[in-house]
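Each chain, letter by letter, is given below.
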Amino acid sequence: MPSIPNDPAILVSYVNTHLRDHYPSLQELCASLNLDEAQLCQKLDAIGYVYSQSQNQFQ
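Described below are features of the structure shown in this document.

### Concerning the packing of helix α2 (residues 26-33) against helix α3 (residues 37-45)
Then comes step 1: It is the contact of α2 with α3, at a shortest axis distance of 10 Å, that shows an interaxial angle of 115°. As summarised for this structure, α2 and α3 are arranged roughly perpendicular, according to the angle between their axes. On α3, the residues touching Leu-26, Gln-27, Leu-29 and Cys-30 of α2 are Glu-37, Leu-40 and Cys-41.
Then comes step 2: Split into classes, the residues belonging to the contact of α2 with α3 amount to five nonpolar, one polar and one charged.

### Some words on the environment of Glu-37
Then comes step 1: Tracing the backbone shows Glu-37 in helix α3.
Then comes step 2: Between the C-alpha atom of Glu-37 and that of Val-50, which follows or precedes it by 13 residues, the distance is 12 Å.
Then comes step 3: Once residues within four sequence positions are removed from consideration, Glu-37 is found in contact with Leu-26, Gln-27 and Cys-30.

### Notes on the packing of aromatic side chains
Then comes step 1: Scanning all chains against the criterion turns up one aromatic pair.
Then comes step 2: With 5.4 Å between their ring centres and 55° between their planes, Tyr-51 and Phe-58 make a pair best called tilted.

### Overview of the environment of Ser-32
Then comes step 1: Here Ser-32 is to be found in helix α2.
Then comes step 2: Separated by ten residues in the primary sequence, Ser-32 and Gln-42 place their C-alpha atoms 19 Å from one another.

Basis of the calculations
- Residues numbered from 1 in each chain as written.
- Predicted model: local features only at pLDDT ≥ 70, side-chain atom pairs only at ≥ 80, totals over all residues.
- Heavy atoms only, no water.
- Axes fitted to C-alpha atoms, helices over the stretch in contact; angles between N-to-C directions.
- Helix = DSSP H or I, 4+ residues; strand = E, 2+ residues; numbered from the N terminus.
- Parallel < 35°, antiparallel > 145°, perpendicular 65-115°, else oblique.
- Contact = heavy atoms within 4.5 Å.
- Nonpolar A, V, L, I, M, F, W, Y, C, P; charged D, E, K, R; others polar.
- Phe/Tyr/Trp six-rings, centres within 6.5 Å; stacked < 30°, edge-to-face > 60°.

Dropping the structure here:
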């Protein structure tokens, strides 16, 4: 499993890039990378990013 960035500002870019290039949904990304979806969303929400299912990215 690849190491994911800890810094939220870098993490949002990392996650959005992976969603765009490799995963059709946040659920699939989290399952593949063994991430807790709720914790990921909470961490990114803390810096103002919310997942948009229709856009498949954090905005």
